[in-house]
Amino acid sequence: MQEINKLWNIVLEKLELSVSNVSFVMWFKPLKVVDMANDTLVLSTKSTFAKNQILKNYFDKLKSATGDVFGENIDIEILDPQEEAQYIAKNKPTKTALDVEANKNPFNPKYTFNNYVVGKCNQTAYAAARAVAENPGKNFNPLFIYGGVGLGKTHLLHAIGNYIRSASPNLKIKYVTCEQFTNDYIESLGSTSKAKTYSEFRDKYRSCDVLMVDDIQFISKKTSTQEEFFNTFNDLHQYGKQIIISSDRPPKEIETLEERLRSRFTMGLIQDLQSPDFETRVAILRKKCQIEKYSITDKALSYIADKIDSNVRELEGMLSKVCFLSNLVGKTTADLADVKEAFNDKYEERNEGGANTEQIISAVCEYFDISRSDIVGKKKSKEIVEPRMIAIYMISEMLELPLVTIGKIFGGRDHTTIMHARDKITDEIKHNRKTQTFVSEIKKMLTSG
Ligand code: ADP
Ligand code: MG
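In this report, the structure presented in the accompanying data block is examined. (Residues numbered from 1 in each chain as written. Chains lettered and ligands numbered in written order. Predicted model: local features only at pLDDT ≥ 70, side-chain atom pairs only at ≥ 80, totals over all residues. Heavy atoms only, no water.)

1. Some remarks on the overall build of the protein
And step 1. Across its full length, the protein holds 21 helices and 8 strands.
And step 2. Taken against the 2.2 N^0.38 rule, which gives 22 Å for 449 residues, the C-alpha radius of gyration of the protein at 29 Å runs more than 25% over that of a compact globule.
And step 3. Dimensions of the protein, computed from the C-alpha atoms along their principal axes, are close to 90 × 60 × 35 Å.
And step 4. With 449 residues in all, the protein has 46% of them scored as buried.
And step 5. Within the structure as shown, the protein displays about 22,800 Å² of accessible surface, and the carbon and sulfur contribution to it stands at 50%.
And step 6. Computed over 62 positive and 61 negative side-chain charges, the inter-centroid distance for the protein is 1 Å. (Helix = DSSP H or I, 4+ residues; strand = E, 2+ residues; numbered from the N terminus. Rg over C-alpha atoms; globule rule 2.2 N^0.38 Å. Buried < 20%, exposed > 50% of the residue type's maximum accessible area, 1.4 Å probe, protein only. Areas by Shrake-Rupley, 256 points an atom, 1.4 Å probe, with all protein chains shown as cover. Lys, Arg positive; Asp, Glu negative; His and termini not counted. Charge placed at Lys NZ, Arg CZ, Asp CG, Glu CD.)

This is the structure:
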């Protein structure tokens, strides 16, 4: 299986060269090898939608790259998540090399210090995390990092983990969420051979050089887990082992936290993460584009950073949604239109003059003396088609609405039809005086009233 994954990586490299970056990141990169049996390479996708997209638009590319590497007579089967589950249940393939790798390293390789954007909001927490990573057990012990949802606590913990793993591979690092710690503990008590498993639990947690517990706030209601964590903490701390804790609030605000544990948490350094300011948000988005190989215009990027101002996870989520939508309509660079589509504020958009889609449509209708139902309808006579194209052009130019959205306004037309209309009028304005006059007179109608 390891060998097959290696070959698969070569297929991916080939595909990366033959399709756009966004298509690659969106459709090919997420594919995983599930199995290779009877001359069929079985791949899994992240959704049925992705599966259909690949089958519809990219199968030839996939087939030819796979053929180059695995040989011409290899078949490909693509499974969506449900089919994958059924396939695995039926065939129980051996673990892939990737699974083994994932078990070995609990840290997300993308969550590094390099990928962490530093701004006013997080610079002290970042510096403290680095200091701890460089000299575990020597600087701040424990290091307690707190901040709201999606502000980068888990990222920082993983960054420390990744750093220590490569700088001091001999150190034993244990990273758990509070939930995992609690479950582990409860399980160790519930077992029939109680003594053995509890001692296993103790070994696991007390033999490490660095212990990280993410989202410790969940310990608040669990008295016996608090007790156990208190003992673990003391044991490790006494031997100079590093402890790193994250929480969504400072120790004094974690209700029902035992006083002795609260005071332990304040022994080292407590650092908070604040919401990033605009510049930091833009920098985070740029970083994300670099990592995920997204291409997006500056204007579009600033728009996202302006609208989402507190949660970095949401910021990233919006960015990938935008690039996804943009890729769907075949663009290589996402622009403001895609952002607006993603934010879904389609119909309220106003340009500087204050016109919206409906006002533009009614101005065009009034100017040419045709009805709204005709302009958005199916009629193909010249008297209707030209005004329709002018309206499409003006909406696209003045409001920068996505083509797909404009298509919906005009009776569900395809985005290529809209693009054609827009380009035709753009071209005519350059060469045809009559069209120029139409557009400028309609614009005048809009601004005067
Ligand atoms: P938390 O654990 O605080 O809820 P995460 O660490 O899971 O938040 O962060 C949410 C997402 O935001 C992650 O994908 C993370 O990489 C990203 N992120 C947060 N802060 C930063 C930052 N300063 N620079 C780059 N990415 C960040
Ligand atoms: Mg987290």
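2. Focus on the site of ligand 1
And step 1. Surrounding ligand 1, one finds 17 residues, the nearest of these being Val 117, Gly 150, His 155, Arg 313 and Glu 316.
And step 2. Side-chain polar atom of His 155 to an oxygen atom of ligand 1: 2.6 Å apart, as the coordinates give it.
And step 3. Relative to its free-state accessible area of 560 Å², ligand 1 is covered by the protein chains to the extent of 93%.
And step 4. The set of elements that each furnish at least two residues to the shell around ligand 1 consists of α7 (153-167) and α14 (312-328).
And step 5. Class assignment of the residues belonging to the shell around ligand 1 gives a composition of 7 nonpolar, 7 polar and 3 charged. (Near = heavy atom within 4 Å. Polar contact = N/O pair within 3.5 Å; in protein donor to acceptor, adjacent residues only side chain to side chain. Nonpolar A, V, L, I, M, F, W, Y, C, P; charged D, E, K, R; others polar.)

3. A closer look at helix α3 (residues 48-70)
And step 1. The first and last C-alpha atoms of α3 sit only 25 Å apart over 23 residues, clearly below the 33 Å expected at 1.5 Å per residue.
And step 2. A maximum bend of about 85° is found in α3 at Tyr 58.
And step 3. Residues Ala 50, Lys 51, Gln 53, Ile 54, Tyr 58, Leu 62, Ala 65, Thr 66, Gly 67, Val 69 and Phe 70 constitute the buried set of α3.
And step 4. Directly after α3, the chain includes Gly 71, whose backbone phi takes a positive value near 110°. (Expected span 1.5 Å × (residues − 1). Bend = angle between axes of the 7 residues up to and from the residue.)

4. Brief notes about the pattern of salt bridges
And step 1. Counted according to the given criterion, the structure contains 25 salt bridges.
And step 2. A salt bridge links Glu 397 to Lys 443; the shortest N-O distance between them is 3.2 Å. Here Lys 443 lies in helix α21 (residues 433-448) and Glu 397 lies in helix α18 (residues 382-399), a separation of 46 residues in the sequence.
And step 3. By relative accessible area, which is 38% here, Glu 397 ends up partly exposed.
And step 4. Lys 443 gets classed as partly exposed once you look at its relative accessible area, which sits at 30%.
And step 5. What you see here is one network of salt bridges that share partners, running through Lys 110, Lys 288, Glu 292 and Glu 316. (Salt bridge = Lys/Arg side-chain N within 4 Å of Asp/Glu carboxyl O.)

5. Notes on the nonpolar core
General note: in soluble globular proteins, nonpolar side chains tend to be found buried as a group.
And step 1. If you look at the biggest cluster of nonpolar residues, it comprises 47 residues, and the most contacted ones within it are Trp 8, Phe 28, Leu 62, Ile 296, Ile 304 and Leu 319.
And step 2. Dropping the residues within four chain positions of it, Leu 62 is found in contact with Trp 8, Leu 15, Phe 28, Leu 31, Leu 43, Ile 54, Ile 76 and Ile 78.
And step 3. Among the nonpolar cores identified, the runner-up in size contains 32 residues, and Ile 370, Val 376, Tyr 393 and Val 439 belong to it. (Core = buried A, V, L, I, M, F, W, Y, C linked by side-chain atoms within 4.5 Å. Contact = heavy atoms within 4.5 Å.)

6. Re the packing of aromatic side chains
And step 1. All chains considered together, the criterion is met by 24 aromatic pairs.
And step 2. Both rings, one in Phe 28 and one in Tyr 58, keep their centres 5.5 Å apart while their planes meet at 80°; by these two values the pair is edge-to-face. Placement of the pair is Phe 28 in helix α2 (residues 21-28) and Tyr 58 in helix α3, with a sequence separation of 30 residues.
And step 3. A relative accessible area of 0% places Phe 28 in the buried class.
And step 4. By relative accessible area, which is 14% here, Tyr 58 ends up buried.
And step 5. Measuring from ring centre to ring centre gives 5.4 Å for Phe 181 and Phe 229, while their planes differ by 85°; the resulting arrangement is edge-to-face. Residue Phe 181 is found in helix α8 (residues 178-190), and its partner Phe 229 is found in helix α10 (residues 223-238); the two are separated by 48 residues along the sequence. Across this residue pair, the class does not change: Phe 181 and Phe 229 are buried.
And step 6. Taken together, the aromatic side chains of Phe 144, Phe 181, Tyr 185, Tyr 198, Phe 201, Tyr 205, Phe 229, Phe 233 and Phe 265 make up a single cluster linked through ring pairs.
And step 7. Over the ring of Tyr 205 we find Lys 174; its NZ or CZ atom is 5.6 Å from the centre of that ring.
And step 8. Above the ring of Phe 230, the side-chain terminus of Arg 260 is found at 4.1 Å from the ring centroid. (Phe/Tyr/Trp six-rings, centres within 6.5 Å; stacked < 30°, edge-to-face > 60°. Lys NZ or Arg CZ within 6 Å of the ring centre and 35° of its normal.)

7. What to know about the sheet that holds strand β3 (residues 75-79)
And step 1. With mixed pairing, 3 strands are arranged side by side in an open sheet as β1-β2-β3. The open sheet has two free edges, formed respectively by β1 (32-37) and β3, since each of these has just one partner strand. Each strand of the sheet is rotated relative to its neighbour by a mean of 25°, with strand direction disregarded.
And step 2. With 5 bridges connecting them, strand β2 (residues 40-44) and β3 associate as parallel partners. (Pairing = 2+ DSSP bridges. Axes fitted to C-alpha atoms, helices over the stretch in contact; angles between N-to-C directions.)

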